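# Breakdown of the fold
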Amino acid sequence: MEKTLGVYIHIPFCAGKCAYCDFYSLAGHEKLMPSYQHAVLHHIKEYAPQLDGYLTDTVYFGGGTPSYYGADRLISIFNALKKYGHVLLDAEVTAEVNPDSITKADLVRMRRAGFNRISVGVQSANDALLKSLGRRHNFAAAEEAVKNARDAGFSNVSIDLIFGLPSQSRDEWADTLNRAAALKPEHISCYGLKIEEGSQLYIYKDSPFMPDDDAQADMYLYAVETLSRFGFKQYEISNFARRGYESRHNMKYWFGDEYLGFGAAAHSYIGGVRYNYIADLEKYSENVLSGQNILDLREEISDFERASEYLMLRLRTTRGISEKEYVDIYPCSMDKTINLLRFYESHGWAVFSDDRWSFTPQGFLLSNRLIGEILETQTKQRTEMTKPWEKPEEAVQRSQMTLFDRKPQEVQMFRGI
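Notes on the structure in this doc start here.

## Remarks on the pairing of strand S5 (residues 87-97)
When strand S4 (residues 54-63) meets S5, the two strands line up parallel, connected through 5 bridges. Of the residues in S5, the one forming a bridge with threonine 56 is valine 87. Where S5 meets strand S6 (residues 117-123), 4 bridges bridge the pair, whose relative direction is parallel. Bridging from a neighbouring strand, valine 97 pairs with valine 120 of S6.

Listed below in structure tokens is the structure:
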């Protein structure tokens, strides 16, 4: 039986670098777009023989700003995927767009080509805040972009919002949520601002202009409550959707499913191996076309690492975790972790329902700490899982055996990896 696969295409071009962005993206490199396009198309064609065992059921164009790269180039890449990647007719096909770089004509062509989901970078309904973030649009342009997507035939529209911005008040965040919901999207992502080193906003780190932890927590909990009233169910820490409109592609990341990336800095996880490509646009293009190495990092994931990632990623979702699912991945007792989760439950941070543990909104606020404690507890539990006749170092070695050691017949690697 053929397996399903998600495909991610990284488009590292932007009209301008946003003040909060630390993703691999570049402004002012438009002259490199043709060579990058040629490289990505060549890369997809080169992988074609190894895609025969897979059916592609999600495609995601992220960036950077895919809409700035141009609808024609995006359509050309998608056509290559349809030719070589066995894309299902009902696949979810998403492109990230910014209001300042997408037109109605672009959206019409993309919809006709098979794109069926658009993610619009709105971020805020406050024009002054948008300007301070380095965004090149105002809220009126965002409203127009959503309207144009509807007119073009898109019935699945997602919008991104950010809270915890410099000098942002609770009332301003409430206004953004209300005006965003008025756009009637199917999906809303709400991200708390993280000031990353290397971003333009790093000058605000520990600044009194930044909302404090309590204010950010209030904004987050207000978003959960408000979006619920508007019919958006929370299914992940930062993501809310109307029933049936959860991001199928992003669910692959959180559920540990296989995905394949193309483009500079793109990541993949397939056949029990995780790898990513060099975050260098020019070098990626040159090396793909000349047949040289484009890998930056490659690692085989052991069963225990998969089990740890199961905890870390699934606890980001409202579906949460189950003891049975964990043990199916890695046979190790969860008794101490269950006790820890019961302690969280007593504080209102976790809930147990239908044999599954998940975090509450209050727990999501503390998720980095709570998940860290759970992973530490489970790691200690593993070290106690030794056979009487086996030395401790042998038990650790056994627990770190990879899928390649245990199930080589199930592993299918791509050429050149």
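## Some words on the packing of helix H13 (residues 335-346) against helix H15 (residues 367-383)
Between H13 and H15, the least distance of the axes is 8 Å, while the angle of their chain directions is 155°. With respect to their mutual orientation, H13 and H15 come out roughly antiparallel. The two elements H13 and H15 meet at a crossing, and its hand is right-handed. Mapping the contact onto sequence places Asp335, Lys336, Thr337, Leu340, Leu341 and Tyr344 in H13 and Leu370, Glu373, Ile374, Thr377, Gln378 and Gln381 in H15. Class assignment for the residues of the contact of H13 with H15 results in 5 nonpolar, 4 polar and 3 charged.

## Digging into the pattern of salt bridges
In this structure the tally under the stated criterion is 21 salt bridges. A salt bridge links lysine 104 to aspartate 151; its shortest N-O distance comes to 3.6 Å. Of the two residues, lysine 104 is situated in helix H4 (residues 104-113) and aspartate 151 in helix H6 (residues 139-152); the sequence distance between them amounts to 47 residues. What makes lysine 104 partly exposed here is its relative accessible area of 39%. The exposure class of aspartate 151 is partly exposed, given its relative accessible area of 40%. Each of Asp72, Asp106 and Arg109 takes part in a single network of salt bridges with overlapping partners.

## Examining H15
Relative to the 24 Å expected for 17 residues at 1.5 Å per residue, H15 spans 24 Å between its end C-alpha atoms, a close match to the ideal helical length. Looking at H15, one finds that the buried residues are Ser367, Leu370, Ile371, Ile374, Thr377, Gln378, Gln381 and Arg382. Down the axis, H15 shows its buried residues gathered within 140° of arc, on one side only.

## So, the nonpolar core
Ile9, Met110, Phe115 and Tyr284 are the most contacted members of the largest nonpolar core, which has 104 residues in total. The leading source of residues in this core is helix H3 (residues 71-84), at 8 residues. Ignoring any residue separated from it by four or fewer positions in sequence, one finds methionine 110 in contact with Ala71, Leu74, Ile75, Ala95, Ile102, Phe115, Ile118 and Phe154. Ranked by size, the runner-up nonpolar core spans 12 residues in total, among them Leu129, Leu133, Leu165 and Met210.

## So, the environment of isoleucine 371
With respect to the helices and strands, the residue isoleucine 371 is situated in helix H15. As a C-alpha pair, isoleucine 371 and alanine 215 span 156 residues in sequence and 23 Å in three-dimensional space. When neighbours within four sequence positions are excluded, isoleucine 371 is seen to be in contact with Met312, Leu315 and Phe359.

## Some details on the packing of aromatic side chains
Under the defined criterion, the tally for this structure stands at 22 aromatic pairs. Aromatic side chains phenylalanine 163 and tryptophan 173 sit 5.3 Å apart centroid to centroid with 45° between the ring planes, which places their arrangement in the tilted category. Residue phenylalanine 163 is located in strand S7 (residues 157-163), and its partner tryptophan 173 is located in helix H7 (residues 170-181); the two are separated by 10 residues in the primary sequence. Each of the two residues, phenylalanine 163 as well as tryptophan 173, counts as buried. Between phenylalanine 343 and tryptophan 349 the ring centres are 6.4 Å apart and the planes differ by 80°, which places this aromatic pair in the edge-to-face class. Residue class for phenylalanine 343 comes out partly exposed when judged on its relative accessible area of 43%. Joined through ring pairs, the aromatic side chains of Phe13, Tyr36, Tyr69, Tyr275, Tyr277 and Tyr284 make up one cluster. Note that arginine 111 overlies the ring of phenylalanine 154, its terminal NZ or CZ placed 5.9 Å from the centroid. We note arginine 242 situated over the ring of phenylalanine 232; from NZ or CZ to the ring centre the distance is 4.2 Å.

## Here's the deal with the packing of helix H11 (residues 303-314) against H15
Interhelical geometry of H11 versus H15 gives an angle of 155° and a closest axis separation of 10 Å. One finds that H11 runs roughly antiparallel with respect to H15. For H11 against H15, the interelement crossing comes out right-handed. For the pair H11 and H15, the contacting residues are Phe304, Ser308, Leu311 and Met312 in the first and Ile371, Ile374, Leu375, Gln378, Thr379 and Arg382 in the second.

Thresholds, definitions, all that
- Residues numbered from 1 in each chain as written.
- Predicted model: local features only at pLDDT ≥ 70, side-chain atom pairs only at ≥ 80, totals over all residues.
- Heavy atoms only, no water.
- Pairing = 2+ DSSP bridges.
- Helix = DSSP H or I, 4+ residues; strand = E, 2+ residues; numbered from the N terminus.
- Axes fitted to C-alpha atoms, helices over the stretch in contact; angles between N-to-C directions.
- Parallel < 35°, antiparallel > 145°, perpendicular 65-115°, else oblique.
- Left-handed = near helix turned anticlockwise from the far one by under 90°.
- Contact = heavy atoms within 4.5 Å.
- Nonpolar A, V, L, I, M, F, W, Y, C, P; charged D, E, K, R; others polar.
- Salt bridge = Lys/Arg side-chain N within 4 Å of Asp/Glu carboxyl O.
- Buried < 20%, exposed > 50% of the residue type's maximum accessible area, 1.4 Å probe, protein only.
- Expected span 1.5 Å × (residues − 1).
- Arc of directions from axis to C-beta.
- Core = buried A, V, L, I, M, F, W, Y, C linked by side-chain atoms within 4.5 Å.
- Phe/Tyr/Trp six-rings, centres within 6.5 Å; stacked < 30°, edge-to-face > 60°.
- Lys NZ or Arg CZ within 6 Å of the ring centre and 35° of its normal.

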